[in-house]
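# Structural description and commentary
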Amino acid sequence: MNMLIHFIQKRFVFVLCASVVLFAFSFQHKAGNTIITGDGVGYYSYLPALFIYHDADYKFLSVFRENYQPVHEFIREAHGEKVNQYFVGEAVLLLPFFLLSHEAAVLAALPVDGFSMPYQIGVLLGSLFYFCWAIWLLSLVFKRFSEQTSHRIIVLLAMVWGTNLLMYATLYASYSHVFSFWAFSVFFYGLVGIHESSVVSNWLKASAGIAFVALIRPSNLVVVLTVPFFMRECATLNFINRNYRSILFAMLLFVAIISLQPMVWYWQTYHWWVDAYTTAKFEFDNPHIAQVLFSYQKGWWVYTPIALFSLFGLFRVFCLKYLGKYLLTFFIVLNIYVISSWSYWHYGATFGQRPFVESYGIHGLLLLVGLGGLTKGYWQTGAYLFISIFIFLNIFQTIQYRMNIIHPSNMTKEVYWKVFLRTGEKYRFLADKVSKPCTECSLTDSLGNWQHPVPNQLYEVQIPNAEKRQMRCLLLTGKLKSKLHNTDAYLQVELFEKDNLIGTEKVFMLRYLNESEVSPVYHDIVLRNTLQKATRLRFTLHQWENGLIIEKFRVALQHTP
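The present account deals with the structure reproduced in this document. As the structure is a computational prediction, the values presented were derived from the model and not from experiment.

## Remarks on the overall build of the protein chain
For the protein chain, the count of helices and strands is 25 helices and ten strands. Here the protein chain, with 561 residues, has 56% of them falling under the buried criterion. For the protein chain, long-range pairs separated by at least 24 residues make up 78% of all intrachain contacts whose partners lie at least 6 apart in sequence. Carbon and sulfur atoms make up 61% of the accessible area of the protein chain, which amounts to about 25,300 Å² in all.

## Things to note about the pattern of salt bridges
Under the defined criterion, the tally for this structure stands at six salt bridges. In this structure, the salt-bridge partner of Arg354 is Asp39, at a minimum N-O distance of 2.9 Å. Taken together, the residues Arg354 in the loop between α20 (325–340) and α21 (360–372) and Asp39 in helix α3 (residues 39–44) connect sequence positions 315 residues apart. By relative accessible area, which is 8% here, Arg354 ends up buried. Here Arg144 ties to Glu196 by a salt bridge, and the two come within 3.0 Å at their closest N and O atoms. One end of the pair, Arg144, is in the loop between α7 (117–143) and α8 (149–161); the other, Glu196, is in helix α10 (residues 177–196), with 52 residues separating them in the sequence. The partly exposed category is assigned to Arg144, whose relative accessible area is 30%.

## Observations regarding the nonpolar core
In summary, soluble globular proteins display a tendency toward joint burial of nonpolar side chains. Ranked by size, the top nonpolar core spans 147 residues in total, and within it Ile135 and Phe230 carry the most contacts. Ignoring sequence-local partners within four residues, the contact set of Ile135 consists of Val13, Leu16, Cys17, Leu156, Met159, Val160 and Phe181. Ranked by size, the runner-up nonpolar core spans eight residues in total, among them Leu491, Leu495, Ala534 and Phe539.

## Some remarks on unusual backbone geometry
One non-glycine residue, His54, adopts positive backbone phi at about 50°. By the element assignment, His54 lies in the loop between α4 (46–53) and α5 (61–67). For Tyr270, which is not glycine, the phi torsion reads 65° and is therefore positive. Considering the arrangement of structural elements, one finds Tyr270 in the loop between α15 (260–269) and α16 (289–294).

## Remarks on the packing of aromatic side chains
Using the criterion set out here, one finds 57 aromatic pairs in the structure. Considering the side-chain rings of Phe184 and Phe188, the 6.0 Å spacing of their centres and the 80° angle between planes classify their relative orientation as edge-to-face. Taken together, the positions of Phe184 and Phe188, both in helix α10 and four residues apart, correspond to about one turn of that helix. Phe188 shares its class with Phe184; the two are buried. Geometrically, the ring pair formed by Phe294 and Trp301 is edge-to-face, given 5.4 Å between the ring centres and 75° between the ring planes.

## Observations concerning the side chain of Gln268
The residue Gln268 is located in helix α15 in this model. Among the residues examined, Gln268 registers a relative accessible area of 2% and is labelled buried. Within the structure, Gln268 has its side chain in polar contact with the side chain of Tyr58 (distance 2.8 Å). Once residues within four sequence positions are removed from consideration, Gln268 is found in contact with Tyr46, Ala56, Tyr58, Glu81, Lys82, Val83 and Asn84.

## Some words on the packing of α4 against α15
In a packed pair of helices, the relevant descriptors are the angle between the two axes and the axis-to-axis distance. α15 packs onto α4 with a crossing angle of 60° between their chain directions and a minimal axis gap of 13 Å. Looking at the two axes, α4 sits oblique to α15. Viewed along their axes, α4 and α15 form a crossing whose handedness is left-handed. Residues Tyr46, Ala49 and Leu50 of α4 touch α15, and the partners they reach there are Gln261, Val264, Trp267 and Gln268. Its residues assigned to classes, the contact of α4 with α15 comprises five nonpolar, two polar and no charged.

## Overview of empty space enclosed by the protein
Taken as a whole, this structure holds four cavities of 30 Å³ or more when the rule is applied. By volume, the largest cavity is sized at about 80 Å³. Lining of the largest cavity is provided by Val155, Ala158, Met159, Thr163, Ile306, Ala307, Ser310, Tyr360, His363, Gly364 and Leu367. Secondary-structure elements contributing two or more residues to the lining of the largest cavity are α8, α18 (305–310) and α21.

## Focus on helix α14 (residues 244–258)
In this model α14 runs 21 Å from its N-terminal to its C-terminal C-alpha over 15 residues, within 8% of the 21 Å that 1.5 Å per residue would give. Within the span of α14, buried status applies to Ser246, Ile247, Ala250 and Ile257. The buried residues of α14 occupy an angular sector of 95° when the element is viewed end-on, so they sit on one face. Among the exposed residues of α14, those pointing more than 90 degrees away from its buried face are Arg245 and Leu252.

## Side note on a nonpolar patch on the surface
Taken together, the side chains of Phe25, Leu110, Met117, Ile121 and Leu125 present a nonpolar region at the surface, about 410 Å² in accessible area. Here the element with the most residues in the nonpolar patch is α7; it accounts for three residues.

## Details of the environment of Ser388
Residue position: Ser388 is located in helix α22 (residues 377–402). Here Ser388 falls in the partly exposed class, since its relative accessible area comes to 39%. For Ser388 and Ile154, which are 234 residues apart along the polypeptide, the C-alpha to C-alpha distance reads 8.7 Å.

## Comments concerning helix α6 (residues 89–107)
Compared with the 27 Å implied by 1.5 Å per residue over 19 residues, the 28 Å span of α6 between its first and last C-alpha is a close match. If you look at α6, its biggest bend is around 50°, right at Leu95, and the proline Pro96 turns up within four residues after that. Looking at the packing, one finds that the buried side of α6 touches α3, α4, α7, α10 and α11 (200–216). Immediately beyond the C-terminal end of α6, within one or two residues, lies Ala109, with a positive phi of roughly 55°.

## Some thoughts on the pairing of strand β2 (residues 81–84)
On a regular strand, each side chain points to the face opposite its neighbour's, so the side chains alternate between the two faces of the sheet. Examined bridge by bridge, strand β1 (residues 75–78) and β2 share four bridges and lie antiparallel to one another. Looking at β2, one finds that Arg76 is bridged to Val83. Linkage of β1 to β2, two consecutive antiparallel strands, is achieved through a turn of two residues, within which His79 is found at a positive phi near 55°.

Thresholds applied
Residues numbered from 1 in each chain as written. Predicted model: local features only at pLDDT ≥ 70, side-chain atom pairs only at ≥ 80, totals over all residues. Heavy atoms only, no water. Helix = DSSP H or I, 4+ residues; strand = E, 2+ residues; numbered from the N terminus. Buried < 20%, exposed > 50% of the residue type's maximum accessible area, 1.4 Å probe, protein only. Contact = heavy atoms within 4.5 Å. Areas by Shrake-Rupley, 256 points an atom, 1.4 Å probe, with all protein chains shown as cover. Salt bridge = Lys/Arg side-chain N within 4 Å of Asp/Glu carboxyl O. Core = buried A, V, L, I, M, F, W, Y, C linked by side-chain atoms within 4.5 Å. Phe/Tyr/Trp six-rings, centres within 6.5 Å; stacked < 30°, edge-to-face > 60°. Polar contact = N/O pair within 3.5 Å; in protein donor to acceptor, adjacent residues only side chain to side chain. Axes fitted to C-alpha atoms, helices over the stretch in contact; angles between N-to-C directions. Parallel < 35°, antiparallel > 145°, perpendicular 65-115°, else oblique. Left-handed = near helix turned anticlockwise from the far one by under 90°. Nonpolar A, V, L, I, M, F, W, Y, C, P; charged D, E, K, R; others polar. 1 Å grid on protein atoms, 1.4 Å probe; cavity = no way out; pocket = protein on both sides within 12 Å on 5 of 7 lines; lining within 4 Å. Points joined across faces, edges and corners; volume = space filled by probe spheres on them. Expected span 1.5 Å × (residues − 1). Arc of directions from axis to C-beta. Patch = residues over 30% accessible without salt bridge, like charges linked within 9 Å, V, L, I, M, F, W, Y side chains within 5 Å. Bend = angle between axes of the 7 residues up to and from the residue. Pairing = 2+ DSSP bridges.

Below, the structure written as structure tokens:
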């Protein structure tokens, strides 16, 4: 037994990563889904666009739409040209795996289209590779802050199995968050290395890390506030003067890496600078802090409570003589503020608050420092107990999410406690089943069993004047049966003020279902002033396919609570 414990301690990072790899392949196998999905399609699409299709207009996405899954809308127009709204950093990191997948597709005589099974597996392997690399780097960083092996092991377990990092390393492998998590880890490792030995290689590591932070998700650059904490007394003017050559090399590497983005912009639009992300924006005067942290819909501390528990480490940090502890605290506050200021604050139909994933290295470090301050045995035992509960809860809720028990975007307090620690068929899609709209419009009849519908006007619904003052949102609900595995069919909802079109929403009817499975259709349109002005609605089907049947579709208005 002692030999087994010693082996696990010495090889813990390997065992931890191996467990996640096994979990990832079992999860993806059971899901039966394509791995390149959602936002990941946009981050990845640079590779087939450049190396297979030589297509800066992304016309090749029709292949993906036809054979795999609906295409997430990420192509914009700038300067009269098509442009990918996402940054290129993830594609750069995935390039080796893409090239290997390409060769595998050729050798296996599989479609060389950038999306067939070898490419899908390549993205999953790439995500797991950078995840494991990041965990290894963080384990080395943690050694600089704690000599207690048991503390480091429990913190790594908590960070991997106790947070939604697990989800984005496995089910959502093509999303950018694991790659940003790796970039943060490289940055931290380089900073700690500079503190111990100011050789050029450590400066280059830190430079590469922060460059990829910018090249994947530029809003994450707030992490530079952590520099004084990691470098401590090294962050002085004399220190900088003694290392100006290393700093110069690091700056050159930083510029070389981030210059890839303007090159890609120029390839697409013949302009070196493009502001392509137009689907949402930062609203710094209207942050959604309460919803982001505490809401049952997507609250970070609700679905990842160990992140809140880690903050007790700040008390221990302030007891240490570390320069930069104030900036470290400011980083945590500012990171919450920036993430909460995004107009699309729930960040789509995913598990928990995904933009915090990249900063889990900091929260793991806070948890580690906090555990180091617990000198009495019963305090440590209590902390370990809480961490174990949070790990169990995260694993259980991850499974619930995959079973469609935890809804990706429409959870409420009522539903959360009804499904808490529950499994079973009757709890699936419960968020849709318990919906209770206040006032229904006239569209409550079945849309019929259509085998060959074509894009056409289905219905126009007048909004009663008496309801406008209290309207909160427009609710679309129903059921969809499918003989298909994937489709990009959608219902387009147009809002009119008299004869003027003032808003459009797309309701995608089916995503990632097994054959013949019944899918609840649920869509909440919250258009604030636009919905208040609307006098009528028009519904149109687009890109419908054989094998899709709509049942019991209805539209309803919800009052302000």
